[in-house]
2 protein chains.
Amino acid sequence: MSLVSTVSRRDVEWTATDILFAPPPVRRGEFEFDLALRHAGMRRVRLRYETVGDPRLPAVFVAGGISAHRHLAANAADPVRGWWEAQVGAGRAIDPARHHVLAIDWLGADGVLDVPIDPGDQADAIAALLDRLDVAHLHAFAGASYGAMVGLQLAARHPARVDRLVAISGVHRAHPYSSAWRALQRRVVQLGALQCDGVDGLVLARQVALLGYRTPEEFEERFGAARVVDGRVHVPAEDYLDHAGQAYAARTPITAFLRLSESIDLQDVAPSSVTAPVTLVAVEQDRLVPVADAYALAQGLRGETRLRVLRSRYGHDAFLKEPEAIAAILREAIDAEQPA
Amino acid sequence: MSLVSTVSRRDVEWTATDILFAPPPVRRGEFEFDLALRHAGMRRVRLRYETVGDPRLPAVFVAGGISAHRHLAANAADPVRGWWEAQVGAGRAIDPARHHVLAIDWLGADGVLDVPIDPGDQADAIAALLDRLDVAHLHAFAGASYGAMVGLQLAARHPARVDRLVAISGVHRAHPYSSAWRALQRRVVQLGALQCDGVDGLVLARQVALLGYRTPEEFEERFGAARVVDGRVHVPAEDYLDHAGQAYAARTPITAFLRLSESIDLQDVAPSSVTAPVTLVAVEQDRLVPVADAYALAQGLRGETRLRVLRSRYGHDAFLKEPEAIAAILREAIDAEQPA
């Protein structure tokens, strides 16, 4: 792909638009360092990152749910689809031609770090990455779900590093009901761990989690009535849940699920400790993060605050399933004060 | 206790009020009969019932959730507390001094009948009980949760037997999202069944079910933040869930849970097949039975229909946890046209 731009360079005068055809530089790496974890003391951790875009462009850090990772979108170095193709890429709200886009694999995602991991630890790890990459401050942090929680932590713990924050479907705390839901998921894993490989437990735990990510409204549209098959009642959604649970378990270490699930429950940020401008996005149908918690957060934040409440039949997963609405919010929040 | 009334009878002239002091007669029994099950063909079934009150009084059948049973309230024959003390008893909305009160243990509750059980099968069994007890018709059927589903079935399948129906937090169908939730609970049981006695799976399945019966609003009030204990994240609600799950598993056969959970998912009544007057009660916060389904049912019913929508932080369990509101509705619905 880089040959195209080399040839072009000789023949035409460049305009900003033409630059879209040159693949933005990709940097993927990992490094080890000592990190003082909030609940587990000093630990040697390994952080994996991927950046796309010219490092001289405004830096935008992107973070998703506990199952998200550093590969946001297909790029010149890795054509595999990423987890946020709708928002990251040429012409998207977060565009490596205009932004230096950064992302990590969460601490704990490799299943090696088997201790309680606070969302604040993730923020500290991101600060270490910014040091390493010589990124003085982020033009924006765009986080969804767990990523929004970590963004709030970064803004609270390292205020000089975050110019503005977009926090989608994640707030300053874990709701006690949602925590109970996750605790039961972890128990499902533990129940399954008594079996041979424990994968069945992880599949089932993920299925229970999925019900929290989606809504009755969506299931109403997608799935019909139960029926009796071979003397057992079979529910149509089971087929979907089977597929989704198995796909997740195939790519996720059991320890990673347990420790990152726990990490959500440790979220605890004082809203008043966040001074950066924040765009909050809440979804009325979200069954894990009640809109009331987003209101409480919005009232407590110290900087300029915008709260956008969406209606979506995808509930908590709206950040993945409502690309147009999310893109519009990201563009407005990220580009607002950006130098031309 | 019956001696008290014998002595009294000789000494005073009775008034309606005085009759409250004589214990209403209790009849508890069981019988076997052949029943054509909708999904499993002709089966020999055993039905256990308890009735309280003079059989000449207007008959009121009472039915609750899948974990409810025939013992509604302490009575002269059995001083153990029942599952609906707040609504059944002297001076309560359903009063054995004024009503002939009937209840059953659900088909399948003993864990012996290990086949798919339709809610319509329960209605047919109730009709058989009415035959056996020589009850021509019920003055009222008061059902909550699964009991409301069965009440609708009885009104549809045996219209001559039901003069009026109160259906609380249960409608004509199972919602696909709630069905998925229950299907995952059954899988938790199956995962646990690979262990020695399988009880851990039942405990955990019940805990997952409980989250559907309650609400974030209640958990918000009751439970605080997670904390790290011995290197694991512990959520305060876990202690409550442990207690509740273990208490349930101690009294419930695994097969009973599986077959009655399935049975909810088989609910399928055409609203237009119900011609009796119906009082529907829906709860805004119910996470299993969306209010929208109660509206749809109300629109389809053929008889006089009243829909009462409650707000309750107890969600689906409001029928157990909001005694005053439920009592007022029961009194109005059951006593409305009752002869003095």
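Residues numbered from 1 in each chain as written. Chains lettered and ligands numbered in written order. Predicted model: local features only at pLDDT ≥ 70, side-chain atom pairs only at ≥ 80, totals over all residues. Heavy atoms only, no water.

In the nomenclature of an unreviewed UniProt entry, chain A is known as Homoserine O-acetyltransferase of Cognatilysobacter xinjiangensis.

Caption draft 1: Representation of the overall build of chain A. Helix and strand content of chain A: 11 helices and 10 strands. Relative to the globule expectation of 20 Å for 340 residues, the C-alpha radius of gyration of chain A, 21 Å, shows essentially globular dimensions. Each principal axis of the C-alpha atoms in chain A carries an extent, and together these give about 70 × 45 × 40 Å. The 340 residues of chain A split such that 60% are buried. When contacts within chain A are restricted to residue pairs at least 6 apart in sequence, long-range pairs at least 24 apart make up 72% of them. Accessible surface, chain A as shown: approximately 13,800 Å² in total, 50% of it carbon and sulfur. (Helix = DSSP H or I, 4+ residues; strand = E, 2+ residues; numbered from the N terminus. Rg over C-alpha atoms; globule rule 2.2 N^0.38 Å. Buried < 20%, exposed > 50% of the residue type's maximum accessible area, 1.4 Å probe, protein only. Contact = heavy atoms within 4.5 Å. Areas by Shrake-Rupley, 256 points an atom, 1.4 Å probe, with all protein chains shown as cover.)

Caption draft 2: Focus on unusual backbone geometry. All names here are of chain A. Here Ser145, not a glycine, exhibits a phi torsion of approximately 60 degrees, which is positive. Of note, Ser145 is situated in the loop between β5 (140-144) and α3 (146-157). A positive phi angle is found at Asp230, which is not glycine, with a value near 55 degrees. Assignment of secondary structure puts Asp230 in the loop between β7 (227-229) and β8 (232-234).

Caption draft 3: The packing of helix α7 (residues 237-251) of chain A against helix α5 (residues 176-193) of chain B, seen in detail. Where α7(A) contacts α5(B), the axes come no closer than 10 Å and their chain directions differ by 60 degrees. Overall, the two elements α7(A) and α5(B) adopt an arrangement that is oblique. Crossing of α7(A) over α5(B) shows right-handed handedness. Residues Ala237(A), Glu238(A), Leu241(A) and Asp242(A) of α7(A) touch α5(B), and the partners they reach there are Ala180(B), Ala183(B), Leu184(B) and Arg187(B). Among the residues forming the contact of α7(A) with α5(B), the class breakdown is 5 nonpolar, no polar and 3 charged. (Axes fitted to C-alpha atoms, helices over the stretch in contact; angles between N-to-C directions. Parallel < 35°, antiparallel > 145°, perpendicular 65-115°, else oblique. Left-handed = near helix turned anticlockwise from the far one by under 90°. Nonpolar A, V, L, I, M, F, W, Y, C, P; charged D, E, K, R; others polar.)

Caption draft 4: Structural detail: the packing of aromatic side chains. All names here are of chain A. Taken as a whole, this structure holds 25 aromatic pairs over all chains when the rule is applied. When the centroid spacing of 5.2 Å and the interplanar angle of 15 degrees are considered together, the rings of Phe61 and Phe141 count as stacked. With Phe61 in strand β3 (residues 59-63) and Phe141 in strand β5, this residue pair connects regions lying 80 residues apart in the sequence. Across the pair, Phe141 and Phe61 agree in class, each one buried. (Phe/Tyr/Trp six-rings, centres within 6.5 Å; stacked < 30°, edge-to-face > 60°.)

Caption draft 5: How the structure looks around the sheet that holds strand β9 (residues 278-283) of chain B. Residues and elements named next belong to chain B. Spatial strand order, β1-β2-β4-β3-β5-β6-β9-β10: 8 strands in an open sheet with mixed pairing. Each edge of the open sheet is held by one strand with a lone partner, namely β1 (26-37) and β10 (305-310). Shown here is a sheet whose adjacent strand axes are inclined to one another by a mean of 20 degrees, direction ignored. Pairing geometry for strand β6 (residues 165-168) and β9, over 4 bridges, is parallel. Among the inter-strand pairings, Leu165 is bridged to a residue of β9, identified as Val278. Sitting on the sheet, helix α4 (residues 146-157) touches β3 (59-63), β5 (140-144) and β6, and the angle it makes with β5 is about 145 degrees. (Pairing = 2+ DSSP bridges.)

Caption draft 6: Molecular detail of the nonpolar core. Counting residues in hydrophobic clusters, the biggest one holds 172 residues, and the most contacted among them are Phe141(A) and Phe141(B). With residues up to four places along the chain from it excluded, the contact list for Phe141(A) reads Phe61(A), Ala63(A), Ile126(A), Gly147(A), Val150(A), Gly151(A), Leu154(A), Val162(A), Arg164(A), Leu165(A) and Val166(A). (Core = buried A, V, L, I, M, F, W, Y, C linked by side-chain atoms within 4.5 Å.)

Caption draft 7: Inspection of the interface of chain B and chain A at higher detail. Chain B puts 49 residues into the contact, and the matching count from chain A is 49 residues. Carbon and sulfur atoms supply 64% of the area that chain B and chain A bury against each other, a total of about 4,400 Å² over both sides. Inspection of the chain B/chain A interface yields 8 salt bridges. In this structure, the salt-bridge partner of Glu262(B) is Arg232(A), at a minimum N-O distance of 3.7 Å. Summed over the shared surface of chain B and chain A, the result is 17 residue pairs in polar contact (both at pLDDT 80 or more). At the level of elements, α5, α6 (199-213), α7 (216-222), β8 (232-234), α8 (237-251) and α9 (254-265) of chain B are the ones that each hand at least two residues to the side of chain B that touches chain A. Broken down by element, the residue count for the side of chain B that touches chain A peaks at 12 residues, all from α5(B). Residues of the side of chain B that touches chain A, tallied by class, amount to 24 nonpolar, 11 polar and 14 charged. (Buried area = accessible area lost by both parts, 1.4 Å probe. Salt bridge = Lys/Arg side-chain N within 4 Å of Asp/Glu carboxyl O. Polar contact = N/O pair within 3.5 Å; in protein donor to acceptor, adjacent residues only side chain to side chain.)

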